[in-house]
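Coordinate analysis (summary)
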Amino acid sequence: MHLPTKQSDAITDIAIKSRSLTDLFLRNLIPCGKPVEITVSNDIFEGASPTRLFLIAEGQIFYRVRGKLVAVLEEGDLIGLTRSLNLNEGLFSCIDDVKLLPYERDELIAHVNLDGRLQKNWVHYLVCNIAFFQHALAQEIRAEFQPQAGFVHFTKGEIIIQQGDAADKVYTLLDGSADAVCDGVKVGDVNANEIFGALAVFTRQPRMASVVATSDCTVLAVRKEEFIDLIDHQPQICLSLIEEMATKINQLNSQLLAKQ
């Protein structure tokens, strides 16, 4: 069992554990019928009894919910449990040859209840399946809040931010260097990996200073709405912004003291 997209190592480990537990509690349980071989199907369970389960012996099966591919299941995965409890609105399908071993839900439950160790394996298996989809959901939510960022290239002397303009984006300087300039006077440096342009977004005021490239540079631009969503879901970003702003304030204070 794995996600249709790239998954974390934690999800992979859970899937491996789930498959090994399946092998343990099914090891001495005889299938309720002959192996089922299917070439192509949009619904593996079409015509099957409501309590039928299948262990995938060969091939690959795709699980979709409301048309969206949610998981890909492979040899050693048990399918149909949520369906047998009327908790499943998804469909299992295949586009190539698969071989399935049939089991009955009630026979399986009676089997695991005969032995305390099997009961423990069964509970552990159910928890693994819950954890798999919890991690999958967390990964999906994180992906949803990834900003639709754009990479922009500037040559030396080009204006990245213009003083007085509306603040519609937050920027990160990926490489190169830039100066912050207010009313024609340099008031600070912008260094690689530094986030800039956020203050005007938070205060909803026009840009208080221009940012001018002092070398060829690459900038990551994020729309303000997406940046605010990102802050809501990853508040640790605020800490780095506060640290950077404090550093800038110290620099400005030093410059003022030097002029006195």
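In every chain, residue numbers begin from 1 and rise along the written sequence. At least 70 in pLDDT is required for a residue's local features to be given in this predicted model, at least 80 for side-chain atom pairs to be given and counted, and no such filter applies to totals for whole chains, interfaces and linings, which use all residues. Calculation of side-chain values draws on the structure's entire complement of heavy atoms; hydrogens and water are dropped beforehand.

Looking now at the overall build of the protein chain. For helices the rule is a DSSP run of H or I covering at least 4 residues; for strands it is a run of E covering at least 2, with both sets numbered from the N terminus onward. For the protein chain, the helix and strand inventory stands at seven helices and 15 strands. Counting every position in the protein chain, which comprises 260 residues, the buried fraction comes to 37%. Should any heavy atoms of two residues lie within 4.5 Å, those residues are considered in contact. Residue pairs in contact within the protein chain that sit at least 24 positions apart in sequence constitute 77% of those at least 6 positions apart. Under the convention used here, a 1.4 Å probe and the Shrake-Rupley method define accessible areas, while residue burial counts only the protein chains that appear. Just so you have it, the protein chain exposes about 15,400 Å², and 55% of that area is on carbon and sulfur atoms. Only protein chains enter the accessibility calculation, which uses a 1.4 Å probe; a residue whose area is less than 20% of its type maximum is buried, one above 50% is exposed, and one in between is partly exposed.

Further remarks concern the side chain of Ser84. Secondary-structure assignment places Ser84 in helix α2 (residues 81-84). For Ser84, a relative accessible area of 6% corresponds to the buried category. Here a polar contact means two N or O atoms within 3.5 Å. Within protein one must be a hydrogen donor candidate and the other an acceptor candidate, and residues neighboring in sequence count only if both atoms are side-chain atoms. A distance of 2.6 Å separates the side chain of Ser84 from the backbone oxygen of Leu81, its partner in a polar contact. Apart from residues lying up to four places away in sequence, Ser84 is in contact with Pro50, Thr51, Leu53 and Arg105.

All right, on to the sheet that holds strand β6 (residues 91-93) then. Two strands pair if DSSP finds at least two bridges between them. Taken in spatial order, the three strands make up an open sheet running β4-β3-β6, and their pairing is antiparallel. Two strands bound the open sheet, and with one partner strand each, they are β4 (68-73) and β6. Taking each pair of neighbouring strands and ignoring which way they run, the sheet shows an average axis angle of 30 degrees. Of the pairings in the sheet, the one linking strand β3 (residues 61-65) to β4 comprises five bridges and is antiparallel in character. The residue bridging Val65 from the neighbouring strand is Lys68, located in β4. Interaxial angle, 0 to 180 degrees, is taken between N-to-C directions of lines fitted to C-alpha atoms, where a helix line uses only the stretch in contact.

Moving on: the side chain of His111. Looking at where His111 falls in the secondary structure, it is placed in helix α3 (residues 105-112). Judged by relative accessible area, which is 13%, His111 ranks as buried. Beyond its immediate stretch of four places on either side in the chain, His111 contacts Phe25, Asn28, Leu29 and Leu118.

With respect to the secondary-structure elements, Phe54 resides in strand β2 (residues 52-58). Taking the C-alpha atoms as reference, Phe54 lies 9.9 Å from Gly76; in sequence the two are 22 residues apart. For Phe54, the contacting residues outside a window of four places in its chain are Val36, Ile44, Phe45, Asp77, Leu78, Ile79, Leu100, Leu101 and Pro102.

A few words on the pattern of salt bridges. In what follows, salt bridge is the name for a side-chain nitrogen of Lys or Arg lying within 4 Å of a carboxyl oxygen of Asp or Glu. Evaluation of the coordinates by the stated rule reveals eight salt bridges. For the salt bridge of Arg105 with Asp106, the shortest nitrogen-to-oxygen distance reads 3.0 Å. Asp106 gets classed as partly exposed once you look at its relative accessible area, which sits at 46%.

Within the secondary structure, Ala136 sits in helix α4 (residues 116-144). Between the C-alpha atoms of Ala136 and Ile11, which are 125 residues apart in sequence, the distance is 7.3 Å. The contact partners of Ala136, leaving out residues within four places of it in the chain, are Leu3 and Ile11.

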